[in-house]
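# Working through the structure, step by step
For reference, the chains in residue letters:
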Amino acid sequence: MIWQLDLIILVLVIVCAIAAINVKDLLSAAILLSAYSFMLCLLWAVMGAVDVAFTEATVGAGVSTVFCVAAVFHTTRRTKD
Amino acid sequence: MLNTFPAIIIVVPLLAALLIAGISFIDRRACFPIGVAALLISFAGAVAMLVNVVSTGVAMEYRFGGWAGPMGIVYVIDHLSALVLVVITGIALVNLVSSRQTIIDELKEKDGAFVALYLLFTAGLVGMTATGDAFNLYVLLEITSLSGYALIGLGSERAPLASLKYLFLGTIGATFYLVGVGYLYIATGSLNMVDLATIIPGLMDSGVILFAFIFCMTGLFVKMAMFPVHGWLPGAYSEASSPAAGLIAPLTTKVMIYILIRICLSVFSVEYVFANLDVGQIMVWLAIATIVFGSVSALAQTNYRRMLTYIIIAEVGYMVGGFFLGNKMGMSGAMLHIVNDAVMTLCLFMVAGIVVNRMKTDDRDGFKGLFRSMPFTMAGFVLAALSIIGVPPTCGFFSKWYLILGGVAAGNYWFVAALIFSSLVNAVLFFRLFEIAYFEPFGDDHHGESPGAGAVGIKEAPMIMLLPFLAVSFLLIVLGVYSGRIVTNIIYFAIPGGII
Amino acid sequence: MKILGRVTVILCGLLLLVYVGEFPDFADPQSPASTHVSPYYIQNALEDTAVPNLVTAILADYRGYDTMFEATVIFTAGLACFFLMRLPKKEERVVFYRHRATGVTLRIDDCGAVPKDTQAFHRIDSQWVPRDLIIRSTTRLLIPFVQIYALYVLAHGHHSPGGGFQAGVVLGASIILLAISQDLRSAISKIKEKTLGILSSLGVLIYAGTGFLCLLLGESFLDYGALASLLGTDRVMARSHGILIVEVGVAMAVMSVLIWIYYNLSSAGKQDEGL
Amino acid sequence: MRGYNMDLLNLIAAKANYWTYIILMMVGFYALIAKNNLVKKIVGMTIFQTAVLLFYVSMSTKKGGTIPILHHGETTSLDPGHVSALVNVADYVNPLPHVLMLTAIVVGVATLGVALSLAIKVYKTYGTLEEDEINLQLRNG
């Protein structure tokens, strides 16, 4: 577990999270959430939690994003804040 | 056979819910009977366990998967949890039977899914009360919350918004509890409550255990709608359909308070909570704020069910304040009030269900002239109102009496003042309703019926709604009369030795 | 409201950060979490359940009761989405039809019964997109292999990372890929909502039913050792087979629930025009 | 001087996971409280739940521990009773938090599904997802 790699992934995770919160368009928020989940999946794999990484990749990045996009499809992409 | 009951009372509703959800796609007539049968078995099992625990005096233990102690998940049924189990399964059974007509009318094709969610909600509550594993309690908390969000979400026109607000705050509460369990696990390395209780006394001064306590308490306070974080409760319970409100309102907050008591007593020991942290005083002040806030804002409501939700918030203040007084009277008052308040709230929400079913409105002036047109319902309503106010023959008085004695014994007179103030406000609330129901003529604004035309036709609720309701209102008196026996035989065993 | 939110968040954050020092430092093998209960799992899992993958052993056997309620959580979510979203079937307000030969599109408002299987017209969604050949052919190639991979993950849950949940999600994702690449109605024609409802409750029933069977055989609930007499093997192998049965049930439940939620979410309950 | 900032870096690296968990939790918590758009709150809720995952998994790591799957090599002899002596606990990462986190991920998806369906229903009745516009309609609606 090379701690430099660990730090880079942690910084990327935080950047993705803050971006997913502050971006104005809901569809890109959903995509950023998916990127955030992929970074987390990478973090689990680096830390040795392979089952959690597998689940996070399929569930967090895959299915959650599809649900978010489907929901945005039926509501608006526009947000005020 | 008896030692498998801790598993049966939770697995039977779960299997029935799965069966009903599957069968509801084939033919929906079979759904309701299976649901009632499953709750009946669960109720019978809970009563049998209560009798066994009280007679033998020994807590029942059940190991899932055959693994002992910290390795596997263990259920522990002691005196208080057996009593709360009987209350949960009993109320769920009575409410399901009495709301059969409303389910058929309001939820046409979805009644199979409704009964399945109803059973999942009850199974979640039963599991939470009986579990001896901290993480298992989180999973069951999530099942209860998810089925609760769905049951509330399909109600009036504003129900989805109220349910979404409930979901946000509920998720914050559940995740805080999960973080609290994480802090416990990182400090002790175990998830089993009994195992935690043996390790924690050795780590009394570690900050991680302190934060575990703070997180668990905050999570539970959010889930039981204590004063600062109660925003979700008024909207959620008043917008839900009446069968859903009849199930969720009486049970959720009471089981959360039971879990608070179980965590404070059997995980963080009494010495930790009251001596080491000395957190009792702050919590009682929080409870006083909850009682005053709940009672005052109940005065401002014109909608009957919304008024009830604020009374529920005030009752949460009673129980939390009673428990954190830290003496025997206060704790037994809080534990007895869990049982009494659940039955009282069920009674009042059944009145709301009957009035909405008959008058199609749960606003206050829906009660106009109901004394003449629905005498039996109003009789039960008067009993329930007297019990909430705290008039002797009914059970509400006795638990309030123990709480007041506890407040006096602990020398916390502000708490006693808040209790009395809340009882007076309840009196004002309900006598205002009696005045509307009794004196104002029956249909002066209902088109068609001429006002005051001699004997207005008695339009009582359908028999299937009325009989369970009258049984529950009679139970209020029975509980009141036997409250002394309940306390001495069951509740005094649930209070640990260290409390005077 | 925003300032209040920022203040509380920064306050809580600082308070938590201060107490991070109290944690046992990051990856030391002597931390209480790694020395109290988990050594038993690491040493005895293979001996008790003959399953090298410790996570699957704990997931389905030591804490199998937890996982049963986890499957119930996903089942409750599927039921809740159906309960909240599903609209009654008969609301058919606006329907679009396209004449195959001339390409003329007809918009019919609250029409009666239109002959379904005419060759002349075919029904299209309101947001109809011309079928993209590349997407259709690649997904038609991709989906079978995704499903085979999911079955591989399910079967190898004992020896390699993976198991019931992951297999169920991948299976669900393959059908959702079908629904996205073509259109929702073709996916619904392949897997109807009724089969999804029955399959999801059946999956969790397999899990809870196996546990109940162990109860009926006299052992405690979810104690797969009781299946030894049925499966004709010794108790350790019976536990390993019990874990496999349970994983199959969970995979079935998770797959059908995810597709069910997708059907309801992407068509907002009407289940005719999707994403 | 080099030695000094090396162990300072190790100190930061050692606790970096817990700091990230707290920062993520606060980001999600802030979005849940202060954001105006309902779907933005749902995104914040997802981040709030996944932060707890980071806390649990970073609790389970061990220095020099491999993934929690017992190698076949040292345990070919499957006869019970003899195997447990061979397995060295320090070689494997603590598997219990991984099991708990599988549950937490599944709970996260379940809550997300229900929240999104409720958000669609709210949008259907009020025509907007902004909290202040909805409150405006409630007040004079």
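Note that the coordinates shown come from a computational prediction; the quantities given were computed from them, not determined experimentally. (Residues numbered from 1 in each chain as written. Chains lettered and ligands numbered in written order. Predicted model: local features only at pLDDT ≥ 70, side-chain atom pairs only at ≥ 80, totals over all residues. Heavy atoms only, no water.)

### Quick notes on the sheet that holds strand β1 (residues 94-99) of chain C
Two modes of strand pairing occur in sheets, parallel and antiparallel, and in both the strands are linked by backbone hydrogen bonds. Residue and element names in this part refer to chain C. What counts is decided by this rule: Two strands pair under a simple rule: DSSP has to find at least two bridges between them. Strands are runs of DSSP state E lasting at least two residues, helices are runs of H or I lasting at least four, and both sets are numbered from the N terminus onward. Between N-to-C directions, angles span 0 to 180 degrees; the directions come from axes that are lines fitted to C-alpha atoms, helices contributing only their stretch in contact.
On the basis of which strands lie adjacent, the open sheet formed by 3 strands has the order β2-β1-β3 and antiparallel pairing. Lying at the two open borders of the sheet, with one neighbouring strand each, are β2 (105-109) and β3 (121-124). Strand-to-strand twist across the sheet, computed as the mean angle between neighbouring axes with direction ignored, equals 35 degrees. In this structure, β1 lies alongside β3, joined through 4 bridges in antiparallel fashion. Directly across from Tyr97, in β3, lies its bridge partner Arg123.

### Brief notes about the pairing of strand β1 (residues 60-64) of chain B
Residue and element names in this part refer to chain B. Condition: Buried residues are those whose accessible area, probed at 1.4 Å on protein chains only, stays under 20% of the maximum for their type, while exposed residues exceed 50% and partly exposed ones sit between those limits.
Of the two faces of β1, only the one carrying Met60, Tyr62 and Phe64 is buried; Glu61 and Arg63 on the other face are not. Here β1 runs beside strand β2 (residues 73-77); their pairing, made up of 5 bridges, is antiparallel. The partner of Phe64 across the bridge, within β2, is Ile73.

### Focus: the domain arrangement of chain B
Residues and elements named next belong to chain B. Where we set the bar: Each domain's limits were defined by an automated method or a database of domain assignments. Here, two residues are considered to be in contact whenever any of their heavy atoms come within 4.5 Å of each other. For any pair of parts, buried area is found by adding up, for both, the accessible area (1.4 Å probe) each one loses once the two are put together.
The domains assigned to chain B are domain 1 (1-132), domain 2 (134-277) and domain 3 (279-443 + 452-500). Computed from C-alpha atoms alone, the centre-to-centre distance between domain 2 and domain 3 is 23 Å. Opposite the 33 residues of domain 2 that make contact, domain 3 presents 33 residues. Approximately 2900 Å² of surface area, both sides summed, lies buried where domain 2 meets domain 3, with 83% of it carried by carbon and sulfur atoms. Of all residues in domain 2, Phe227, Lys254 and Phe274 give up the largest surface area on contact with domain 3, accounting jointly for 21% of the area buried on that side.

### Details of the interface of chain C and chain D
Where we set the bar: Residues are sorted three ways: Asp, Glu, Lys and Arg are charged, Ala, Val, Leu, Ile, Met, Phe, Trp, Tyr, Cys and Pro are nonpolar, and all the rest, Gly among them, are polar.
Tallying the contact residues gives 51 residues for chain C and 50 residues for chain D. Summed over both sides, the interface of chain C with chain D buries roughly 4900 Å², with 77% coming from carbon and sulfur. For the side of chain C that touches chain D, the elements supplying multiple residues, two or more each, are α1 (2-19), α2 (32-35), α3 (38-49), α4 (54-62), α5 (64-85), α7 (164-181) and α11 (235-266) of chain C. Across the side of chain C that touches chain D, the residue classes break down as 34 nonpolar, 11 polar and 6 charged.

### Some remarks on the interface of chain B and chain C
For clarity, the threshold we go by: Counted as salt bridges are all cases of a side-chain nitrogen of Lys or Arg within 4 Å of a carboxyl oxygen of Asp or Glu. Polar contacts, as used here, are pairs of N or O atoms within 3.5 Å; protein pairs need one atom able to donate a hydrogen and one able to accept it. Residues neighboring in sequence count only if both atoms are side-chain atoms.
Taken together, the 61 residues of chain B in the interface contact 50 residues of chain C. Between chain B and chain C the total buried area reaches about 4800 Å² when both faces are included, carbon and sulfur atoms providing 77% of it. Among the salt bridges present, the one from B:Asp133 reaches C:Arg63, with a minimum N-O distance of 2.7 Å. For the pair chain B and chain C, the interface holds 11 residue pairs in polar contact (both at pLDDT 80 or more). Those elements that place two or more of their residues in the side of chain B that touches chain C are α1 (5-23), β1, β2, α5 (111-130), α6 (134-153), α7 (159-188), α8 (193-199) and α9 (207-223) of chain B. Examining the composition of the side of chain B that touches chain C, we find that 11 residues originate from one element, α6(B), more than from any other.

### Quick look at the environment of C:Arg185
Relative to the assigned elements, C:Arg185 resides in helix α8 (residues 184-190). Distance in space between the C-alpha atoms of C:Arg185 and C:Arg123 is 9.8 Å, their sequence separation being 62 residues.

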